[in-house]
Amino acid sequence: MVSISPKERKKYLIGNWKSNKTKSQVSAFFQEFAQKFKSIGNKKPEGLELIVCPVFIHLEESYKQIIDLKLPILLGAQDISPFEMGAFTGEVTGSQLKEYVSFCIIGHSERRKYFAEDDALLVKKAALAKREGIEVIYCVPDSLTSIPKDVKIVAYEPVFAIGTGTPDTPDNAQKVIKEIKSKNNISLVLYGGSINKDNISKYFEKEDIDGVLVGTSSLDPDSFMQMMLNAAL
Ligand code: 13P
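Residues numbered from 1 in each chain as written. Predicted model: local features only at pLDDT ≥ 70, side-chain atom pairs only at ≥ 80, totals over all residues. Heavy atoms only, no water.

1. Focus: the side chain of serine 109
Okay, step 1: Within the element layout of this structure, serine 109 appears in helix H4 (residues 109-114).
Okay, step 2: Serine 109 sits in the buried class, given a relative accessible area of 16%.
Okay, step 3: For serine 109, the contacting residues outside a window of four places in its chain are Val159 and Ile162. (Helix = DSSP H or I, 4+ residues; strand = E, 2+ residues; numbered from the N terminus. Buried < 20%, exposed > 50% of the residue type's maximum accessible area, 1.4 Å probe, protein only. Contact = heavy atoms within 4.5 Å.)

Shown next, in the form of structure tokens:
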């Protein structure tokens, strides 16, 4: 196996904005982030990928803002249709999403809980994302949940830690993530659940944690920037 030096290893700071922000709030986020980014010399930590995942209808505005402001941020979607384009009212397909996004979250626990998404459906979504060249960020609540083949990025998000202010401990997150990696032969696994600017570095220090998927604390540009700066690589 070719060993990857710490400098070559990519890590991920991903903001899942969930059903938050109007269009003007989305623009304000990027404008404020750009101002702050300029004040620190337009530099982001080497090897750190910054990704935000707005709601579908704000992907275009986000895309424009990122280009205009020359920000080193990539876009992700929060979901994807399990169908190709056609008569599926309300669905947004991979072929439509790929015009804006490089990534797509699939299987978030809120989709499993509130929209009854099950493994069979999630396998279809992951396959369609892959077909369109969209990188899947596949969420699981533990190390037992099955993961579709070909998924390269997984996010371990224990339900008790989501939006509660009570994260899993860095030690336990490291342990579960190591199990997920060895059981599924996956090399990129992130942690998500109550991450903020004060605790992020404790997770980035762990050997097997390749980054974080953040909800609440990713909504504010200052907090997102602080997380970027505190994500020790
Ligand atoms: P919080 O960061 O608000 O706990 O949300 C985590 C999450 O669900 C990210 O997908």
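2. Let's talk about the packing of helix H1 (residues 23-39) against helix H8 (residues 221-230)
Okay, step 1: Put simply, H1 and H8 touch, their axes get as near as 9 Å, and they point 45° apart. Between H1 and H8, the crossing angle belongs to the class labelled oblique. Relative to H8, H1 is oriented so that their crossing is right-handed. Two secondary-structure elements touch here, H1 through Phe29, Glu32, Phe33, Lys36 and Phe37 and H8 through Pro221, Asp222, Phe224, Met225 and Met228. (Axes fitted to C-alpha atoms, helices over the stretch in contact; angles between N-to-C directions. Parallel < 35°, antiparallel > 145°, perpendicular 65-115°, else oblique. Left-handed = near helix turned anticlockwise from the far one by under 90°.)

3. What about the pairing of strand E7 (residues 188-192)?
Okay, step 1: A large share of E7 lies buried, amounting to five of its five residues.
Okay, step 2: Burial along E7 is two-sided: Leu188, Leu190 and Gly192 facing one way and Val189 and Tyr191 facing the other are all buried.
Okay, step 3: Pairing of strand E6 (residues 153-156) with E7 involves four bridges; the strand directions are parallel. Along E7, the bridge assignment pairs alanine 155 with leucine 190. (Pairing = 2+ DSSP bridges.)

4. Regarding the site of the ligand
Okay, step 1: In the neighbourhood of the ligand, 13 residues make up the surrounding shell, with His108, Gly163, Ser194, Gly215 and Thr216 lying closest.
Okay, step 2: The backbone of serine 194 places a nitrogen or oxygen atom 2.8 Å from an oxygen atom of the ligand.
Okay, step 3: Here glycine 215 contributes a backbone N or O atom positioned 2.8 Å from an oxygen atom of the ligand.
Okay, step 4: A total of 310 Å² of accessible area belongs to the ligand in isolation, and the protein chains cover 98% of it.
Okay, step 5: Looking at the shell around the ligand residue by residue, the class counts come to four nonpolar, seven polar and two charged. (Near = heavy atom within 4 Å. Polar contact = N/O pair within 3.5 Å; in protein donor to acceptor, adjacent residues only side chain to side chain. Areas by Shrake-Rupley, 256 points an atom, 1.4 Å probe, with all protein chains shown as cover. Nonpolar A, V, L, I, M, F, W, Y, C, P; charged D, E, K, R; others polar.)

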